[in-house]
Amino acid sequence: MSNTVLEVDRLNVGFDTAAGYVNVLRDVSFTVGEQETLGILGESGVGKSVLADTLLGLIPSPPGRITGRIIYRGRDLNTLPDAELTKIRGKDIAMIFQDPTSALNPVFRVGMQVAEPLEIHENISLRNALTKVVDLFRRVGIPAPETRIASYPHQFSGGMRQRVVISMGVACQPRLLVADEPTSSLDVTIQAQILELIRDLVRELRTSVVYISNDLAVISHMCQRVLILYAGQVVEEGPVDVVFREPKHPYTRGLLGSVPRLGARRLDPIPGQLPTLSEYLPGCRFHPRCPLPQKDQGCVQSHPLLEPETAAHRAACWKVQARVG
Amino acid sequence: MSVEHVAAASDGVLLRLAGLVKHFEVPAPLTLSNMVRRPAPRVVKAVAGVNLDIHRGRTIGLVGESGCGKTTIGRLVMRAITPTAGEIVFDGDDVAQLTGPPLFAYRRRVQIVYQDPFTSLNPRMTIRRIIREPLDVHSIGAPSERNDRVAQLMMRVGVNPKYADRYPHEFSAGQVKRVAIARAIAVGPDLLVADEAVSGLDVSVKAQILNLLADLQEEMGLTYLFISHDLGVVQYLCHTVAVMYLGRIVEVGTSEAIFTRPQHPYTVALLHSFPRMKSESDEFELKASLRGEIPSPIDVPPGCRFHTRCAIARPECARDEPALREVAPGHWAACAFPGEAR
Amino acid sequence: MTTLNVSATLPETPADTQATSERRLSPSRLMVLRFCANRGAVAGLIIVLLFIAVSLLAPVIAPYDPLKQDYMAAFQGPSWAHWLGTDSFGRDMLTRILYGARISFVVGFASVSIAMVIGVAIGLAAGYYGGLVEAVLMRIVDGLLSFTPLVLAIALIAVLGLGLQNVILALAATFAGMFARVTRGDVLNIKGEPYVEAAQLLGVGGAGVMFRHLLPNVLSPIIVQFGLNLAVAILLESGLSFLGLGVPPPEPDLGLMIAEGRGFIVMAPWISGFPGLALVIIIVGLNLFGDGLRDALDPKAQIS
């Protein structure tokens, strides 16, 4: 548990558009330990998918501009040439996508698609790969796997398709899985099955996971630590139980107050709405909606950083840090 | 006809669904082998006999997964489609087969809020025209006053009236949803059908809209039929909850009863499947207790329609379809062995 | 259910109520940007604008009377007095071409406009009502469209007789079918959108739904059709005149002028040549413009 599988250091991701440079992620830093599931919680548009794509080296630059380091096994993925990245992608670091329908190519049989990473990374023949695919399908709970490898994606139900996508992700037994909202398109009972499957697989393969979601409850069940993302920056980080029980950052508190539960009195949502990319402020990006009193020039002008690494539970807020210090 | 229904609470019953049935025909697929003689079209039994009472001023949640029929119920109540059989008794009158002027009058009393805010508003109409249209169609107020009423409605839902001449695409999802709500309440309806009305919204926006809906209900005495797959929202907002599976209601009761003392095995499984914040009581820890996929409403299992996935199914479950029975005051479940699943 | 606090009627938070103009880039603005990025389209637009200007201003800017004959000046090539020369009757070519363009514009615009009104109405009704109404209407449309436009126009002229009005009517009938088909197709696309159903569930009647909700949202492809059909209409009109079935002489008409110059191709090629060139420029310009419109409206095209 003490070893770090992935270290992200001050990652900045932006894009050069016709309207100038647009920043999406600002100074994102975190680590993922061995066999640890780190949750990335954020609402829509905060850059979660961009983060996932960046971790897998899927952002073309130009027009993307990426600074900062993504250190995997001592190497900075940002500086690696494409040829090296391709070797890592799918084998060491793999992704489970949000929408299984668009993650699978509709004109190829699923067996071929799942076999592809096996063929490439383990250098085995298609026939051998397909044998492994049958085992994979059995492991992820697809009935009659020997016949199903010949099916096309549209012949599966949504839940089954997601199992196929998961099997593709774990095929080469990656050390790090990036799961981008893998259950958002599924029915509740199917979602429960998939969540259980992911948990079992993660335990079995002893892989680390970066689990991206906008659902607080799912994160609280699947992850040990959580990172809260707002407007492209990390606002809070820490163990899931602690963060959700005693949130430090006003945004996290607002989020928790917005979750409906039985017997709760009136919901206490954060007023206003998420800023769009073009509205991102140079200082603290949350301050227009922040309910804290006595916000000052510091909040307006300079963007707050997470507290020093020694703390397990940290928030990026000048007011919070001032109180502690 | 013996009609089973939830015992009336102290409030009156605004809407009663009795024996409601809706079948859709799906033509059989054309294959080489059946080109000469096409087999009979298949029947999707979307709603297979539903009895439900909706009380004035209350919110009833209709929950279930794909193919359970809750969206179809919503569309039947809206009279977007006509039932195959059964009655929809609104304020004493059966509206199930209405046409013409009486149907027009009914339309004023029931309105709908859809899931996707942007496709539910005409992209080529300004906000003003969108909210004004119901006023014009139903001749509400004097024409010269209608623009004022539009401004009032916009303020009530939390959108600044000075933006009345903008188009939907210029707003965020939450604001467009507010506009859609404004349009729905413009005619002063009795009943609002919310079809996944807050699904797909961000957490904080969802909370704002839920507050708005709750406030409007208090102020206007609205009745809500809240169709949703999000158990967290239903649990918070709804007084009564009905659980549907493959076209029938399998359990109905107060929100508190359903979520703390579920009787039907499907409800129990749903509650187990639904992730909740760990800080709450973990009576229903997250576990996938249902195997398999949801059957299609074309091929409903015989006997109890849930028996193929039920954890406590007995042999008789494959034969006899259980009726909704009152297992506690105001709490009904369609199971031969209620309360046994955990 | 726990009791809820009743909040104040007015929203407290200004942040809540702001619309941001950058929320989503307006589809109209995107369309204009895409159009301007397309050089051919812009060239087409310039030609079309010139064409319209000329048509409207012909009586003002033309140097001569288009009908005035001057046998002394007949068969002259381009010169300072007659920039584009004269024809077999001594009439000034430039003037006649300007007036001829004007007639082309009037006939083309009128016929396609009439076709649009009729065709769109048919398409809306067919798409909205479906069933028997759609079947009957679309079979009539299919019948109309199964004829080559020129053949159909000739047949209609044969029935209606010669004359400018009849040319317009015949062309209108030819194009109505195209508008009907395009409109119906697009109506079917958006018929299932929630806002259409919401209007019906509000109690809005058929006409209201068709004209307030469906029509504004199918307008774009109809406008493109208008542009493209305009080019064809002008070409057809010239063709009819060339065959002697269109505008009767001595009216200046591009097709007619080409026909009149046929006998003198060798000795005075400009009598057919310049009207022909004018026609080519007009048609190419209209086509470029119409294509540009269509590409600009293509929802799949992205601005990088």
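Residues numbered from 1 in each chain as written. Chains lettered and ligands numbered in written order. Predicted model: local features only at pLDDT ≥ 70, side-chain atom pairs only at ≥ 80, totals over all residues. Heavy atoms only, no water.

Attention shifts here to the overall build of chain C. Scanning chain C for helices and strands turns up ten helices and zero strands. Reading chain C from its N terminus to its C terminus gives the helix and strand order α-α-α-α-α-α-α-α-α-α. For chain C, the proportion of its 304 residues judged to be buried stands at 46%. Nonlocal contacts in chain C, meaning residues at least 24 apart in sequence, comprise 71% of its contacts between residues at least 6 apart. (Helix = DSSP H or I, 4+ residues; strand = E, 2+ residues; numbered from the N terminus. Buried < 20%, exposed > 50% of the residue type's maximum accessible area, 1.4 Å probe, protein only. Contact = heavy atoms within 4.5 Å.)

Moving on: the overall build of chain B. Per the secondary structure count, chain B includes nine helices and twelve strands. Relative to its length of 342 residues, chain B is compact, with a C-alpha radius of gyration of 21 Å against a globular reference of 20 Å. When its C-alpha atoms are laid out on the principal axes, chain B stretches across 70 × 60 × 40 Å. With 342 residues in all, chain B has 59% of them scored as buried. A sequence separation of at least 24 residues applies to 65% of the contacts in chain B between residues at least 6 apart. Computed over 39 positive and 37 negative side-chain charges, the separation of the two mean positions in chain B equals 5 Å. (Rg over C-alpha atoms; globule rule 2.2 N^0.38 Å. Lys, Arg positive; Asp, Glu negative; His and termini not counted. Charge placed at Lys NZ, Arg CZ, Asp CG, Glu CD.)

Attention now moves to the nonpolar core. Counting 102 residues, the largest nonpolar core has Leu6, Phe30, Val178, Tyr211, Ile228 and Phe244 of chain A as the members making the most contacts within it. Counting residues per element, this core draws most heavily on helix α8 (residues 188-205) of chain A, which supplies seven residues. Dropping the residues within four chain positions of it, Val178 of chain A is found in contact with Ala52, Leu55, Leu56, Ile93, Ala94, Met95, Ile96, Val210 and Ile212 of chain A. Core analysis: the next-biggest nonpolar cluster, separate from the first, contains 73 residues, Val63, Val176, Ile185 and Ile258 of chain B among them. (Core = buried A, V, L, I, M, F, W, Y, C linked by side-chain atoms within 4.5 Å.)

Residues and elements named next belong to chain A. Evaluation of the coordinates by the stated rule reveals 43 salt bridges over all chains. Among the salt bridges present, the one from Arg175 reaches Glu34, with a minimum N-O distance of 3.8 Å. Of the two residues, Arg175 sits in the loop between α7 (158-170) and β7 (176-180) while Glu34 sits in the loop between β2 (20-33) and β3 (37-41), which places them 141 residues apart along the sequence. Residue class for Arg175 comes out partly exposed when judged on its relative accessible area of 29%. Its relative accessible area of 24% is what places Glu34 among the partly exposed residues. Note that Arg75 is salt-bridged to Glu84, the shortest N-O span being 3.2 Å. The exposure class of Glu84 is partly exposed, given its relative accessible area of 25%. (Salt bridge = Lys/Arg side-chain N within 4 Å of Asp/Glu carboxyl O.)

Bringing helix α7 (residues 194-202) of chain C into the picture now. All names here are of chain C. The buried count for α7 comes to seven of nine residues, which makes it a mostly enclosed element. Within α7 the residues assigned to the buried category are Tyr195, Val196, Glu197, Ala198, Ala199, Leu201 and Leu202. One or two residues past the end of α7 sits Gly203, with phi positive at roughly 110°.

Listed as interface residues are 40 residues of chain A and, on the opposing side, 38 residues of chain B. Of the roughly 3,500 Å² buried at the junction of chain A and chain B (both faces included), carbon and sulfur atoms supply 56%. One can count zero salt bridges joining chain A with chain B. Taken together, the connections running from chain A to chain B amount to twelve residue pairs in polar contact (both at pLDDT 80 or more). (Buried area = accessible area lost by both parts, 1.4 Å probe. Polar contact = N/O pair within 3.5 Å; in protein donor to acceptor, adjacent residues only side chain to side chain.)

Okay, the pairing of strand β10 (residues 233-239) of chain A next. All names here are of chain A. Counting buried positions along β10 yields six of seven residues, so the element is predominantly enclosed. Note that strand β9 (residues 225-230) and β10 share six bridges and pair antiparallel. Each residue of the ladder has a partner; that of Arg225, found in β10, is Pro239. With antiparallel pairing between neighbouring strands as the criterion, β9 and β10 make up a hairpin whose turn holds two residues, including Ala231 at a positive phi of roughly 45°. Note: β10 against strand β11 (residues 314-315), two bridges, orientation antiparallel. Bridge assignment links Glu237 to a residue of β11, and that residue is Arg314. (Pairing = 2+ DSSP bridges.)

A few words now on the confidence of the model for chain C. Residues and elements named next belong to chain C. In the predicted model, chain C carries a mean pLDDT of 82, and 89% of its residues have values of at least 70. Across chain C, the secondary-structure element scoring lowest on mean pLDDT is helix α1 (residues 27-37), at 75, and the one scoring highest is α7, at 93. Predicted confidence is poor over residues 1-23, with pLDDT under 50, and the contacts of this stretch with residues over four places away or in other chains come to 60 contacts. (pLDDT = per-residue confidence, 0-100.)

Moving on, we get to unusual backbone geometry. Generally, phi is negative for residues other than glycine and the peptide bonds are trans, each holding for most cases. Pro250 of chain C follows Pro249 of chain C through a cis peptide bond whose omega is 5°. Checked against the element boundaries, Pro250 of chain C lands in the loop between α8 (206-242) and α9 (254-260). Its identity is not glycine, yet Arg79 of chain B carries a phi of approximately 60°, on the positive side. One can find Arg79 of chain B in the loop between α1 (70-77) and β4 (85-90). Under the relative-accessibility criterion, Arg79 of chain B is labelled buried at 8%.

Let us look at the sheet that holds strand β2 (residues 42-55) of chain B. All names here are of chain B. With respect to topology, four strands assemble into an open sheet ordered β2-β1-β4-β5, the strand pairing being antiparallel. Every interior strand has two partners, whereas the edge strands, β2 and β5 (93-94), have only one. Sheet topology places β4 next to β5; two bridges connect them, and they run antiparallel. For Phe90, the partnering residue across the bridge sits in β5 and is Asp93.

All names here are of chain A. Spatially, the seven strands line up as an open sheet ordered β6-β7-β8-β3-β9-β10-β11, and their pairing is mixed. Each end of this open sheet is capped by a strand with a single partner; those strands are β6 (93-96) and β11. Where α7 meets the sheet, its contacts fall on β6 and β7, and the angle it forms with β6 comes to roughly 175°. (Axes fitted to C-alpha atoms, helices over the stretch in contact; angles between N-to-C directions.)

All names here are of chain C. Within the secondary structure layout, Leu49 lies in helix α2 (residues 39-61). Judged by relative accessible area, which is 48%, Leu49 ranks as partly exposed. Spatially, the C-alpha atom of Leu49 lies 9.9 Å from that of Leu286, the residues being 237 residues apart in sequence.

Let us now look at the environment of Arg96 of chain C. Residues and elements named next belong to chain C. Looking at where Arg96 falls in the secondary structure, it is placed in helix α3 (residues 93-129). On the accessibility criterion, Arg96 (0% relative accessible area) is buried. Sequence separation between Arg96 and Ala62 is 34 residues, and the spatial gap between their C-alpha atoms is 8.4 Å. Setting aside its immediate chain neighbours within four residues, Arg96 contacts Pro66, Leu67, Asp87, Arg91, Pro250, Glu251, Pro252, Met257 and Glu260.

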